[in-house]
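What the coordinates show
These are the residues of each chain, in order.
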Amino acid sequence: MNNANLHAANRAKNDEFYTELSEIEKELKNYSDKFKDKVVFCNCDDPFESNFVKYFLMHFNGLGLKELYATGYKISSIVNAEYQVGIENIPYSLCVTSTKEYLKGDQIDLDFNGAKELVEKEGDRIRTKLLGDEKYVAGDFRSEESIEILKKSDIIVTNPPFSLFREYIAQLMEYKKKFLIIGNKNA
Ligand SMILES: C[S@@+](CC[C@H](N)C(=O)[O-])C[C@H]1O[C@@H](n2cnc3c(N)ncnc32)[C@H](O)[C@@H]1O
């Protein structure tokens, strides 16, 4: 394989890289005072798979979040295997305004299973099918649906696709959004 192909292969691999919950926790604990009353949007994050989504569900009350949004891009491979949701396997957006109903005993925030339970049981109350538009497929951070959510969000948090990094950052600048993104050192 020549160099160009190798780079392309690496980029493709990076685009589908999933961030570990422990990595997210290590980084985000430095910003725990920055999320009070904020609307957070994870715009490259499948609601079922993303550990960013799980992190924010598990710290919703501790951080004092107002709302959590997430949009998935690729069809989730685990949606019907790991979750008992029995839904169409297509990209969804997620919008959560409270986790309180799912707290158990004296919990202040959900644990990992509680976060999963919320996504599973809330169903269509928090989930919307993404449709895409003439220019971009469902869940693309550049699609109209995604930009509408971006506009009402305060902080964008994710690990975006490496191959679209420039375009990704340009959009955050254009809409003057605060962001916390985890990425490749070279980015
Ligand atoms: C590096 S992965 C990280 C996934 C997730 N944010 C995480 O940290 O676990 C980048 C994600 O962006 C998605 N993606 C690729 N192109 C995209 C696009 N144009 N708009 C939105 N998401 C995209 C990929 O499917 C992949 O899930």
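My aim in this report is to walk through the structure given alongside it, one point at a time. If you're wondering where the values come from, they're calculated on a predicted model, not measured in any experiment.

**Observations regarding the nonpolar core**
Core analysis: the largest hydrophobic core is formed by 35 residues, its most contacted members being Leu 28, Phe 35, Phe 56, Leu 68 and Val 157. With eleven residues, the next largest nonpolar core counts Val 39, Leu 150, Tyr 168 and Leu 172 among its residues.

**Side note on the packing of aromatic side chains**
Enumeration over the complete set of coordinates arrives at four aromatic pairs. Arranged with centres 5.5 Å apart and planes meeting at 65 degrees, the rings of Phe 35 and Phe 56 form a pair that is edge-to-face. Within this pair, whereas Phe 35 is found in the loop between α2 (21–28) and β1 (39–42), its partner Phe 56 is found in helix α3 (residues 51–58), the two being separated by 21 residues in sequence. Like Phe 56, Phe 35 is buried.

**Focus on the site of the ligand**
Around the ligand, a shell composed of 21 residues is seen, among which Asp 15, Glu 16, Phe 17, Thr 19 and Asp 45 lie nearest. Here Phe 141 contributes a backbone N or O atom positioned 2.9 Å from a nitrogen atom of the ligand. Asn 159 is positioned such that a nitrogen or oxygen atom in its backbone is 3.1 Å from a nitrogen atom of the ligand. Coverage of the ligand by the protein chains reaches 96% of its 580 Å² of free accessible surface.

**What about the sheet that holds strand β4 (residues 127–129)?**
A sheet is described by the order of its strands in space; here six strands give the open sequence β4-β3-β2-β1-β5-β6, paired in mixed fashion. At either end of the open sheet lies a strand with only one pairing partner, and these are β4 and β6 (178–181). Averaged over all adjacent pairs, the angle separating strand axes in this sheet is 20 degrees, with direction ignored. As paired elements, β1 and strand β2 (residues 67–71) share four bridges and run parallel to each other. Considered in β2, the bridge of Val 39 is made with Glu 67. Of the strands in this sheet, β1, β2, β3 (92–96) and β5 (155–158) are in contact with α3, which crosses β2 at around 170 degrees.

**A look at α2**
By the burial criterion, the buried members of α2 are Leu 21, Ile 24 and Leu 28. Looking straight down α2, one finds that the buried residues subtend no more than 60 degrees of arc, so they occupy a single side. The elements touched by buried residues of α2 are α3, α6 (112–122), β5 and β6.

Cut-offs and rules
- Residues numbered from 1 in each chain as written.
- Predicted model: local features only at pLDDT ≥ 70, side-chain atom pairs only at ≥ 80, totals over all residues.
- Heavy atoms only, no water.
- Core = buried A, V, L, I, M, F, W, Y, C linked by side-chain atoms within 4.5 Å.
- Buried < 20%, exposed > 50% of the residue type's maximum accessible area, 1.4 Å probe, protein only.
- Phe/Tyr/Trp six-rings, centres within 6.5 Å; stacked < 30°, edge-to-face > 60°.
- Helix = DSSP H or I, 4+ residues; strand = E, 2+ residues; numbered from the N terminus.
- Near = heavy atom within 4 Å.
- Polar contact = N/O pair within 3.5 Å; in protein donor to acceptor, adjacent residues only side chain to side chain.
- Areas by Shrake-Rupley, 256 points an atom, 1.4 Å probe, with all protein chains shown as cover.
- Pairing = 2+ DSSP bridges.
- Axes fitted to C-alpha atoms, helices over the stretch in contact; angles between N-to-C directions.
- Contact = heavy atoms within 4.5 Å.
- Arc of directions from axis to C-beta.

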